[in-house]
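Okay, here's what each chain looks like letter by letter:
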Amino acid sequence: MPHNFNKTLPENIKSKALEVFKDEYLIDFVNINEEDDEGILENEIVNNIRKFIMSMGKGYSFIGNQYRLEVNNNEFFVDLLFYNRHLQCLVAIELKRKKFKPEYAGQLNFYLNVLDDKAKLPHENPSIGIILCKQKDNTVVDYAIKSIDKAMSVGTYTHYHAHSIPENMKEFLPDAEALGKML
């Protein structure tokens, strides 16, 4: 998993962060199509928040979606905001339906700066950000986050649904309606 944790996180949570975050997340509980935008993906995750938290790992608490940040009367919104009890920090997640672009790191860096200044409590560790995107090129990610001083990583997500079954396999498997009748 590409990250910049080694130079951005305090020593006491560096190894824990590497255990907590993954390179790829399976979110097969969401019902989305390839054309659906990030808002639909976000709504599916929120509607299935328990399953999403379980897929993320241990110690997460959900704070909210479209978490509002205000800077000089300007509003910005973090897609998903969590708190991780083991790391004792806020975890901001930005969802992207396309391949990773370097500008996503700048956006997340901004959110992490604001969260640390305006939302983080004094006893908490610095916030960590995750960009979840459909695809990534690890070399591009490394260059994009290389000199950012806020902890962030970039992971991908996968989900499977009925139309992802290869055509040659569909004849051997019942469709959802036939399966419902059998049950």
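Just above, that's the structure.
Now for a description of the structure that goes with this document. (Residues numbered from 1 in each chain as written. Predicted model: local features only at pLDDT ≥ 70, side-chain atom pairs only at ≥ 80, totals over all residues. Heavy atoms only, no water.)

Here we look at the pairing of strand S2 (residues 60-71)
Moving on, step 1. Here 10 bridges tie S2 to strand S3 (residues 74-84), and the two strands are oriented antiparallel to one another. Its bridge partner lying in S3, Ser-61 is registered against Tyr-83.
Moving on, step 2. Here S2 hands over to S3 after two residues, with Asn-72 in that stretch at a positive phi of 50°. (Pairing = 2+ DSSP bridges. Helix = DSSP H or I, 4+ residues; strand = E, 2+ residues; numbered from the N terminus.)

Remarks on the pattern of salt bridges
Moving on, step 1. Going through the model one piece at a time under the given rule, you end up with six salt bridges.
Moving on, step 2. Between Glu-94 and Lys-96 there is a salt bridge, with the nearest N and O atoms lying 3.9 Å from each other.
Moving on, step 3. By relative accessible area, Glu-94 is classed as buried at 3%.
Moving on, step 4. Given a relative accessible area of 8%, Lys-96 falls into the buried group.
Moving on, step 5. Put simply, Asp-116 and Lys-150 hold a salt bridge, and the shortest N to O gap is 2.8 Å. (Salt bridge = Lys/Arg side-chain N within 4 Å of Asp/Glu carboxyl O. Buried < 20%, exposed > 50% of the residue type's maximum accessible area, 1.4 Å probe, protein only.)

Describing the sheet that holds S3
In a beta sheet, neighbouring strands are held together by backbone hydrogen bonds and run either parallel or antiparallel to one another.
Moving on, step 1. The sheet built from six strands is open, its strands ordered S1-S6-S5-S4-S3-S2 with mixed pairing. With one partner strand each, in any of the chains shown, strand S1 (24-26) and S2 form the two edges of the open sheet. Strand after strand, the sheet turns through a mean of 35° between neighbouring axes, direction not considered.
Moving on, step 2. Taken together, the three bridges between S1 and strand S6 (residues 151-158) define a ladder with parallel strand orientation. Bridging across to S6, Leu-26 finds its partner in Thr-158.
Moving on, step 3. Taken strand by strand, helix H3 (residues 38-47) contacts S2, S3, strand S4 (89-99) and S6, and its axis lies near 135° from that of S4. (Axes fitted to C-alpha atoms, helices over the stretch in contact; angles between N-to-C directions. Contact = heavy atoms within 4.5 Å.)

A few points about unusual backbone geometry
Moving on, step 1. Here the phi dihedral of Gln-66 falls at roughly 50°; this positive angle occurs in a residue that is not glycine.
Moving on, step 2. Along the chain, Gln-66 turns up in strand S2.
Moving on, step 3. A positive phi is found at Asn-73, a non-glycine position, where the angle reads about 65°.
Moving on, step 4. Inspection of the secondary structure assignment puts Asn-73 in the loop between S2 and S3.

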